[in-house]
Amino acid sequence: MNGKDIVKCIKAAEMKLTKKEASALMSIPYKTVVKIAKKYGIKFIDGRQKSYEPRRQAGIGPKPTSTINHDRERKEAKPAQPTAATRNPVRIKRDTSKGHYKRKLKKRLRDILHSDLDCNVKRELVYAAQWQEHQRSTKNKTKVGGAL
């Protein structure tokens, strides 16, 4: 324990190193660093403080998304649209009957056949629509309690 070791320990503590890092970096045995720290009251940070340091530094200062000052500067304006209570509620009507899918398929096939597409493209689209309908009906038939 000479004067150079004490100076090295003080510099390591100022650099916010732990005792183990100070002993490795300054090439001083760990036991010597511990003795010097106890004898001269040098405070090293521990591993928990070191791992928390970046979070602590990030917490200092104003946040970029802070709303502290923004609320004071904003003026209240009347809403452009009427509130939800005064508007008429929108009701969506859905066809829940079993024939809904058949009517939908017929309409889809009619739209495909009346379109200005090539004959081969029409055949593919009709086949795809019929395949989807087949898959849907197979799925419904094989549900629990359904007949295959």
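Residues numbered from 1 in each chain as written. Predicted model: local features only at pLDDT ≥ 70, side-chain atom pairs only at ≥ 80, totals over all residues. Heavy atoms only, no water.

## Brief notes about helix α3 (residues 30–40)
Worth spelling out the cut-off: Residue burial is assigned from relative accessible area. The probe radius is 1.4 Å, only protein chains are included, and a residue is buried under 20% of its type maximum, exposed over 50%, and partly exposed in between. Counting from the N terminus, the helices are the DSSP runs of H or I reaching at least four residues and the strands are the DSSP runs of E reaching at least two. Of all possible arcs, the one meant is that of the directions from the helix axis to the C-beta atoms. Any pair of residues with heavy atoms lying within 4.5 Å of one another is described as a contacting pair.
Every buried residue belonging to α3 is among Thr 32, Val 33, Ile 36 and Ala 37, and all of these are buried. Buried residues of α3, seen end-on, are gathered within an arc of 135° and therefore sit on one face of the element. Turned more than 90 degrees away from the buried face of α3, the exposed residues are Lys 31, Lys 35, Lys 38 and Lys 39. The elements touched by buried residues of α3 are α1 (3–14) and α2 (19–25). In the segment just after α3, Gly 41 is the residue with positive phi, at about 70°.

## Re the pattern of salt bridges
How we decide: The working definition used for a salt bridge is a side-chain nitrogen of Lys or Arg within 4 Å of a carboxyl oxygen of Asp or Glu.
Applying the stated criterion to the full structure yields two salt bridges. The partner of Arg 136 in a salt bridge is Glu 133, with the nearest N and O atoms 2.7 Å apart. Here Arg 136 pairs with Glu 133, and both are found in helix α7 (residues 119–141), just three residues apart, close to one helical turn. For Arg 136, a relative accessible area of 23% corresponds to the partly exposed category.

## Comments concerning a nonpolar patch on the surface
We count it as follows: Only residues whose relative accessible area exceeds 30% and that form no salt bridge are eligible for patches; like-charged ones are grouped when within 9 Å, while nonpolar side chains (Val, Leu, Ile, Met, Phe, Trp, Tyr) are grouped when within 5 Å. Shrake-Rupley sampling with a 1.4 Å probe provides the accessible areas, and residues are treated as covered by the protein chains on show and by no other component.
A cluster of nonpolar residues, Leu 117, Val 121 and Leu 125, forms a patch on the protein surface that exposes about 220 Å² of accessible area. Tracing the sequence through the fold places Val 121 in helix α7.

## Observations regarding the nonpolar core
Selection criterion: Definition of nonpolar core: a set of buried residues of the types Ala, Val, Leu, Ile, Met, Phe, Trp, Tyr and Cys, connected through side-chain atoms within 4.5 Å.
Grouped together as the largest cluster of nonpolar side chains are 13 residues, with contacts concentrated most on Cys 9, Ala 12, Ile 28, Val 33, Ile 36, Ile 42 and Phe 44. Sorting the residues of this core by element identifies α1 and α3 as the ones contributing at least two each. If one sorts the elements of this core by residue count, α1 sits on top with four residues. Apart from residues lying up to four places away in sequence, Ile 42 is in contact with Cys 9, Ile 10, Ala 13, Ile 36 and Ala 37.

## A few points about the environment of Lys 8
Note on placement: Lys 8 falls in helix α1. Taking C-alpha positions, Lys 8 is 8.2 Å from Ala 22, a pair spaced 14 residues apart along the chain. Discounting chain neighbours no more than four positions away, the residues touching Lys 8 are Met 26 and Ile 28.

## Concerning the side chain of Ser 23
You can see Ser 23 is positioned in helix α2. Using a relative accessible area of 13% as the deciding quantity, one classes Ser 23 as buried. Among all residues touching Ser 23, those that are not within four sequence positions of it are Ile 28, Pro 29, Tyr 30 and Val 33.

## Some points on the confidence of the model for the protein chain
Should pLDDT be low for a region, the predicted coordinates there are not to be read in detail. Using the following cut-off: Confidence of the prediction at every residue is given by pLDDT, a number between 0 and 100.
Per-residue confidence for the protein chain gives a mean pLDDT of 78; residues scoring 70 or more make up 69%. Per-element averaging of pLDDT across the protein chain places helix α5 (residues 70–73) at the bottom with 55 and α3 at the top with 92.

## Focus: unusual backbone geometry
Negative phi values dominate among residues other than glycine, just as trans dominates among peptide bonds. Even without being a glycine, Lys 16 presents a positive backbone phi close to 60°. Topologically, Lys 16 is positioned in the loop between α1 and α2. Classification of Lys 16 by relative accessible area gives partly exposed; the value is 43%. The backbone of Ser 27 shows a phi angle near 50°, a positive value even though the residue is not glycine.

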